[in-house]
Amino acid sequence: REQAADAVAILKNAKLGSALFYAKDAIKILGDVALAEGAYEEAENHFQECLIILQHYKHPQSISEVLTGLGFTARGLSQISQAQGNFCEALCVAINNHQDISLINMLPGIALLFADQGDVERAVELYALASTYGIVSNSKWFADIAGDEISMKAEELPFEVVEAAKVRGRGLDLWKTAEKLLAELEELGWNSAGQQISNVTIGE
């Protein structure tokens, strides 16, 4: 947090036209830290600032990551419809721009919303898919913001049901799952919340 805050201060004071663009990564780190601590309003402010910067510089590569952060914060603030819209939009942007890392990062959040709706088995399946990648399975941060809560809810299910869901999840293909998931979420109306950015493609 201290290093990210220092970086933001330095870059915002720099006499370089693109300095604010480079500050976005440090600002997102501040958002991620606040998210893990449950300081959702603070996290939302940081992610919103990132989104404004990315829109200004027309740089879509990081937009799905920021929308994912906003999805987690909206869920933490009990703004479920907004969280669904953010995750659905993040999924659409990631698919349109062929961003596999972004897909992996958002799966835990989508899984968490499924768990909230009572579909814990599906949540376990999606989190197991995300956990086939070290960026999730080796991450205390992902455990703090999603994994531990999903595991807690999964304790209410029979052990064999949970294990079967994990096996199914580990066997899923990331891209095929993402494309089917987007169609499903749109059918469920997750995209009904106001979009913050639409049809963004790298190079536009």
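Please read all numbers here as calculations on a predicted model, not as lab measurements.

## Things to note about the confidence of the model for the protein chain
The predicted model of the protein chain has a mean per-residue pLDDT of 91, with 93% of residues at 70 or higher. Across residues 198-204, where pLDDT falls below 50, the model places 13 contacts with residues more than four positions away in sequence or in other chains.

## Structural notes on the packing of helix 5 (residues 80-96) against helix 11 (residues 174-188)
Across the interface, helix 5 lies against helix 11 with an axial gap of 10 Å and an inter-helix angle of 140°. As the angle between them shows, helix 5 and helix 11 are arranged oblique. Crossing angle aside, the handedness with which helix 5 passes helix 11 is left-handed. Residues Cys88, Leu91, Cys92, Ala94 and Ile95 of helix 5 form the contact with helix 11, whose participating residues are Trp175, Ala178, Glu179, Leu181, Leu182, Leu185 and Glu186. Partitioned by chemical class, the residues of the contact of helix 5 with helix 11 number 10 nonpolar, no polar and 2 charged.

## Description of the nonpolar core
With 60 residues, the main nonpolar core has Leu91, Leu103, Met106, Ile110 and Leu185 as its most contacted residues. When residues of this core are assigned to their parent elements, the largest contribution, 10 residues, is made by helix 6 (residues 100-116).

## A look at the packing of aromatic side chains
Per the stated rule, a full pass over the model turns up 5 aromatic pairs. Taken together, a centroid distance of 5.4 Å and an interplanar angle of 75° make the contact between Phe21 and Tyr22 edge-to-face. Given a relative accessible area of 13%, Phe21 falls into the buried group. Of the residues examined, Tyr22 reaches a relative accessible area of 48% and is grouped as partly exposed. Arranged with centres 5.6 Å apart and planes meeting at 35°, the rings of Phe114 and Trp190 form a pair that is tilted. One end of the pair, Phe114, is in helix 6; the other, Trp190, is in the segment after helix 11, with 76 residues separating them in the sequence. Comparing Phe114 with Trp190 shows no difference in burial state: the two are buried. A connected cluster of aromatic rings, assembled from ring pairs, spans Phe21, Tyr22 and Tyr57. Over the ring of Phe21 we find Lys24; its NZ or CZ atom is 4.0 Å from the centre of that ring. The aromatic ring of Phe114 is capped on one face by Arg122, whose charged end is 4.8 Å from the ring centroid.

## Focus on the packing of helix 7 (residues 120-130) against helix 11
Packing of helix 7 against helix 11 brings their axes to within 11 Å, and their N-to-C directions diverge by 140°. Crossing angle aside, the handedness with which helix 7 passes helix 11 is left-handed. Contacts between helix 7 and helix 11 pair Arg122, Leu126 and Leu129 from the former with Leu174, Thr177, Leu181 and Glu184 from the latter.

## What to know about the layout of surface pockets
Using a probe with the size of a water molecule, rolled over the atoms, empty space left in the structure can be pinpointed. One number sums up the size of the largest pocket: a volume of about 280 Å³. Around the largest pocket sit 19 residues that line it, and Val124, Tyr127, Gly147, Ser151 and Lys166 are the ones nearest its centre. Counting only elements with at least two residues in the lining of the largest pocket, the list comes to helix 7, helix 8 (134-137), helix 9 (140-154) and helix 10 (159-170). Per-element tally for the lining of the largest pocket: the top contributor is helix 9, with 5 residues.

## Some words on the pattern of salt bridges
Two side chains carrying opposite charge are able to pair once their charged atoms lie near each other. In this structure the tally under the stated criterion is 13 salt bridges. Lys24 is paired through a salt bridge with Asp25; the nearest N and O atoms lie 3.5 Å apart. Exposure remark for Lys24: the relative accessible area of 7% places this residue in the buried category. Glu184 is paired through a salt bridge with Arg122; the nearest N and O atoms lie 2.7 Å apart.

The rules behind these values
Residue positions are given per chain, counted from 1 along the sequence in the order it is written. A pLDDT threshold of at least 70 governs which residues receive local features in this predicted model, and a stricter bar of 80 or more applies before side-chain atom pairs are shown or counted, although totals over entire chains, interfaces and linings include all residues. Calculated side-chain values reflect all of the structure's heavy atoms, with hydrogen atoms and water omitted. Values of pLDDT, the confidence the predictor places in each residue, fall between 0 and 100. Pairs of residues are marked as contacts when any of their non-hydrogen atoms sit within 4.5 Å. Under this scheme, a helix contributes an axis fitted over its contacting stretch, all axes are lines through C-alpha atoms, and angles between N-to-C directions fall in the 0 to 180 degree range. Only DSSP runs of H or I covering at least 4 residues are called helices, and only runs of E covering at least 2 are called strands; the numbering of each starts at the N terminus. These descriptions rest on fixed angle ranges, namely under 35 degrees for roughly parallel, over 145 for roughly antiparallel, 65 to 115 for roughly perpendicular, and the rest for oblique. Helix crossings fall into two classes, left-handed where the near helix is turned counterclockwise from the far one by less than a right angle and right-handed where it is turned clockwise. The nonpolar class holds Ala, Val, Leu, Ile, Met, Phe, Trp, Tyr, Cys and Pro. Asp, Glu, Lys and Arg form the charged class, and all remaining residues, Gly among them, are polar. The definition of a nonpolar core used throughout is a set of buried Ala, Val, Leu, Ile, Met, Phe, Trp, Tyr and Cys residues joined through side-chain atoms within 4.5 Å. Buried means the residue's accessible area, taken with a 1.4 Å probe over protein chains only, is under 20% of the maximum for its type, while exposed means over 50%, and partly exposed covers the values in between. For this analysis, a ring pair means two rings from Phe, Tyr or Trp (six-membered ring only for Trp) whose centres lie within 6.5 Å, classed as stacked if their planes differ by under 30 degrees, edge-to-face if by over 60, and tilted for the remaining angles. We call a charge positioned over a ring when the NZ of a Lys or the CZ of an Arg lies within 6 Å of the ring centre and within 35 degrees of the ring normal. For cavity detection a 1 Å grid was placed over the protein atoms alone, and a set of points counts as a cavity when a 1.4 Å probe fits there but cannot get out; an open set counts as a pocket when protein lies on both sides within 12 Å along at least five of seven lines, with lining residues being those that have an atom within 4 Å of a point. Grid points are joined across faces, edges and corners, and a volume is the space filled by probe spheres set on the points. When a carboxyl oxygen of Asp or Glu lies within 4 Å of a side-chain nitrogen of Lys or Arg, that pair is called a salt bridge.

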